[in-house]
Amino acid sequence: MEKVSLPKGTRDFGPAQMAKRQFIIDSIKKVFQKYGFQPLETPAMENLSTLTGKYGEEGDKLLFKVLNSGDFLKDIDDSRLKTKDSRLITSEISEKGLRYDLTVPFARYVVMNRHEITFPFKRYQIQPVWRADRPQKGRYREFYQCDADVVGTESLVCEAEIILMIKDAFIALGIEDYSIKMNHRAILSGLAEVLGAGENESALFVAIDKLDKTGEEKVKEELNAKGFNEAGLILLFEILNFKGNTQQKIDFLSQKFLTSEKGKKGLTDINEVLSILKSFGAKADHVEFDISLARGLSYYTGCIVEVKINNVAIGSVSGGGRYDNLTAVFDSKEKSSGVGFSFGIDRIYDAMEELKIFPKDATAASTVLVAHLDEESFTYGCKIVQMLRNNDIASEIYPEQIKIKKQLEYADKKKIPFVIVIGSEEVKTGLLTLKKMESGEQLKLSFQEIANAMQLYK
């Protein structure tokens, strides 16, 4: 018999895990809605022509391609099949791919529906994405993203609000120790200019993006191979390794960018975002200007952000940035500037598990279990559980006649915090026994008293 298994890089989520994941999703969704974002969903599959060329050379390699329906090889020339080079026939056997992220499908949606959309258009989207990556801790082939994007405005208020939303979400999740790293693509372009490598800036972006994964020496080797000279690399790492607070880094770069208009533009934008944060009455705590932050996706053109939870062995849990030309790749007349970011639910989940900060009630399916001693109390209990549900209190009744000890064990295993125990006395008097599972305390209360207490508990 074939061994049952899952594809590598994918996972099942049982009820306890789903309850925690739902806590994360609901917390983030409330933040998105508080800032005026509307929900959107797009298909799991997109045309490969929609996806290809939007994520850079590295990203294109990670696209999951979907084979065409039917006999997809019947029209392929035999000579090309004999080469065993799948790249020669990919375009003919696969026209669709699983989405790599939610931003490119969002841009495609905007172009297709631009006459019905009110701009600036603020949308959030919470759906799975797929990447043909090597599975490892914190990196999966199927994972959920929580995106929020604004398209149709160049205002840096949007960048400031991204920082505010990240902060609000982490307050809701109970995450206290984290860093919001911020940079600007124009600053990276300025780096390329002062290095005399403006025509090769894409290679610079890709290499710098790997800095925290592969280390300085590997990045130098990669840039050497791309034609960067030793003097340029010395200057590059003098800049990248500069230590100081945000203002000190801005002052340092201002001196380096005296001849770079792009670099100056990037610094001006960073300063304005920080100024807007002050206008909102928000502190710049947790925010760090990181000169080495590159983010590999090629569609970013302005401010970029990346968020890491400190003291956990997991990569970034959120990131995003400004993109000025993404809609134009679908329609040259449609050049709407956009900015957005994404939370990685799976990495946030792993980090919260490692930090042990999920609230206890996040795993509870029901608030109350109605337990019963005999047939008469079961019948009475059915009325009680329905009354609880009519009061929007999540509740269930144990479905079988078994010992009360077993019913309490059931509640304990399911993390149900309260049990109403019904016997002949409860049926006779109408006063119900409410047991608090954590403390073991028992109270005799009327149904209305219990319902009021449960409303407070919610």
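Residues numbered from 1 in each chain as written. Predicted model: local features only at pLDDT ≥ 70, side-chain atom pairs only at ≥ 80, totals over all residues. Heavy atoms only, no water.

> Describe the sheet that holds strand E16 (residues 442-445), listing the residues and the values that go with them.
Here five strands make up an open sheet; going across it, the order is E13-E12-E14-E15-E16 and the pairing mixed. The sheet is open, and its two edges are formed by strand E13 (395-397) and E16, each paired on a single side. Sheet twist, expressed as the mean angle between neighbouring strand axes with direction ignored, is 25°. Pairing between strand E12 (residues 368-372) and strand E14 (residues 418-422): five bridges, direction parallel. (Pairing = 2+ DSSP bridges. Helix = DSSP H or I, 4+ residues; strand = E, 2+ residues; numbered from the N terminus. Axes fitted to C-alpha atoms, helices over the stretch in contact; angles between N-to-C directions.)

> With reference to specific residues and values, describe the side chain of Thr153.
Mapped onto the elements of the fold, Thr153 is located in the loop between strand E6 (142-151) and helix H7 (157-173). From its side chain, Thr153 meets the backbone nitrogen of Ser155 in a polar contact 3.1 Å long. With residues up to four places along the chain from it excluded, the contact list for Thr153 reads Pro120, Cys158, Arg322 and Ser337. (Polar contact = N/O pair within 3.5 Å; in protein donor to acceptor, adjacent residues only side chain to side chain. Contact = heavy atoms within 4.5 Å.)

> Tell me what's going on with the pairing of strand E7 (residues 178-184), and back it up with residues and numbers.
Of all seven residues in E7, six are buried, a share of seventy percent or more. Here E7 runs beside strand E8 (residues 287-289); their pairing, made up of three bridges, is parallel. Paired with Met182 across the bridge in E8 is Phe289. (Buried < 20%, exposed > 50% of the residue type's maximum accessible area, 1.4 Å probe, protein only.)

> Let's hear about the packing of helix H1 (residues 15-34) against helix H15 (residues 345-355): which residues, and what values?
Helix packing geometry: the angle between the two helix axes and the distance between the axes. Running from N to C, H1 and H15 cross one another at 115°; their axes reach a closest spacing of 10 Å. Two packed elements cross with a definite hand, and for H1 against H15 that hand is right-handed. Taking contact as the criterion, the partners of Gln17, Lys20, Arg21, Phe23, Ile24, Ile25 and Ile28 in H1 are, on H15, Ile345, Asp346, Ile348, Tyr349, Met352 and Glu353. Considered class by class, the residues forming the contact of H1 with H15 number eight nonpolar, one polar and four charged. (Left-handed = near helix turned anticlockwise from the far one by under 90°. Nonpolar A, V, L, I, M, F, W, Y, C, P; charged D, E, K, R; others polar.)

> Describe helix H12 (residues 230-240), listing the residues and the values that go with them.
Listed as buried for H12 are Gly232, Leu233, Leu236, Phe237, Ile239 and Leu240. What you see down the axis of H12 is that its buried residues fit within an arc of 155°, all on one side. Residues of H12 that are exposed and angled more than 90 degrees away from the buried face: Ala231 and Ile234. Taken together, the buried residues of H12 touch helix H8 (185-194), helix H9 (201-209), helix H10 (211-214), helix H11 (216-225) and helix H13 (246-256). (Arc of directions from axis to C-beta.)

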